[in-house]
Amino acid sequence: MTATAFSLHDMAGVPRRFPTGRPALICFVKEDCATCNLVAPVLEAFHRAWGEAADIWMVGQTADGNAILKDRHGLTLPILDDSALRTSLAWGFDIVPAVYWNRAEGEPPAPLEGFVRAEWEDLARRIATDLDLPAAEVAWTDLPAWRPGCEI
């Protein structure tokens, strides 16, 4: 899978371009997806832990839905508007949340789609190791072992 370059605006209207030359965690979501709402606080924890060293971005399918997610979860991470779905379709996933860890110098792995706690914990360990930073503060045991995602 090749991560397709994109330029999308965040909620403040600031254009965000990928790639940036930095490592990036890109997570595609829909506001009406229960599993996307489950992972939103996890992504926020990732942003708080690693946002200085990597881009931690959420890409949503509607501007209104993005605002709801932001308010519902008190998010501070950049939330990008993909209302036209061009970026979502170009990245070629079927289920949201679809999360990609993109090292600055390499090809991204296949996405994690939906939520499997063990996979997300492995992802968090990989990111912390790659960035040589402490782990993000996530109460993993409070999360379900598995939740299906939603079709895009």
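Just so you know, these numbers come straight off a predicted model, no measurement behind them.

Conventions and cut-offs
- Throughout, a residue's number is its position along its own chain's written sequence, starting from 1.
- Confidence filtering applies because this is a predicted model: local features only for residues at pLDDT of at least 70, side-chain atom pairs given and counted only at 80 or more, and all residues used for totals across whole chains, interfaces and linings.
- Hydrogens and water are ignored here; the side-chain numbers use all heavy atoms of the structure.
- Residue exposure (1.4 Å probe, protein chains only): buried if accessible area is under 20% of the type maximum, exposed if over 50%, otherwise partly exposed.
- Segments assigned H or I by DSSP are reported as helices when at least four residues long, segments assigned E as strands when at least two residues long, and all are numbered from the N terminus.
- Strands are treated as partners if at least two bridges between them are detected by DSSP.
- We call a crossover right-handed when, viewed with the strands running away from us, the connection from the first strand over the helix to the second turns clockwise.
- In this text, buried Ala, Val, Leu, Ile, Met, Phe, Trp, Tyr and Cys residues form a nonpolar core when linked through side-chain atoms within 4.5 Å.
- Every residue pair with non-hydrogen atoms within 4.5 Å of one another is taken to be in contact.
- To get an axis, fit a line to the C-alpha atoms, keeping to the stretch in contact for a helix; angles then go from 0 to 180 degrees between the N-to-C directions.

Caption draft 1: Fine view of the pairing of strand E4 (residues 55-60). When you tally the buried positions in E4, you get six out of six residues, the bulk of the element. Burial along E4 is two-sided: the residues Asp 55, Trp 57 and Val 59 and Ile 56, Met 58 and Gly 60 are all buried. With six bridges connecting them, strand E3 (residues 24-29) and E4 associate as parallel partners. Its bridge partner lying in E4, Val 29 is registered against Gly 60. As for the winding sense of the linkage, the β-α-β connection from E3 through helix H1 (residues 34-50) to E4 is right-handed. Strand direction decides the pairing type here: E4 and strand E5 (residues 79-81), joined by three bridges, are parallel. The residue bridging Gly 60 from the neighbouring strand is Asp 81, located in E5.

Caption draft 2: Looking closely at the pairing of strand E1 (residues 6-9). What you see with E1 is a clean split: Phe 6 and Leu 8 sit on the buried side and Ser 7 and His 9 on the side with no burial. For E1 and strand E2 (residues 15-18), the ladder comprises four bridges, and the chain directions are antiparallel. Pairing of Phe 6 across the sheet is with Phe 18, part of E2. Counting the residues in the hairpin turn of E1 and E2 gives five residues, including Gly 13, whose phi is positive at 85 degrees.

Caption draft 3: Local environment of the nonpolar core. Counting 48 residues, the largest nonpolar core has Phe 46 and Trp 120 as its most contacted members. The element contributing the most residues to this core is H1, with eight residues. Dropping the residues within four chain positions of it, Phe 46 is found in contact with Leu 25, Gly 51, Ile 56, Trp 120, Leu 123, Ala 124, Ala 136, Val 138 and Trp 140.

Caption draft 4: Just the sheet that holds strand E7 (residues 98-102), in detail. Taken together, five strands build an open sheet; the order of strands is E5-E4-E3-E7-E8 and the sheet is mixed. Either end of the sheet is taken by a strand with one partner, and the two such strands are E5 and strand E8 (112-113). Along the sheet, helix H2 (residues 63-73) makes contact with E3, E4 and E5, crossing E5 at roughly 170 degrees. Its contacts with the sheet place helix H4 (residues 117-131) against E3, E7 and E8, and it is angled at close to 20 degrees to E7.

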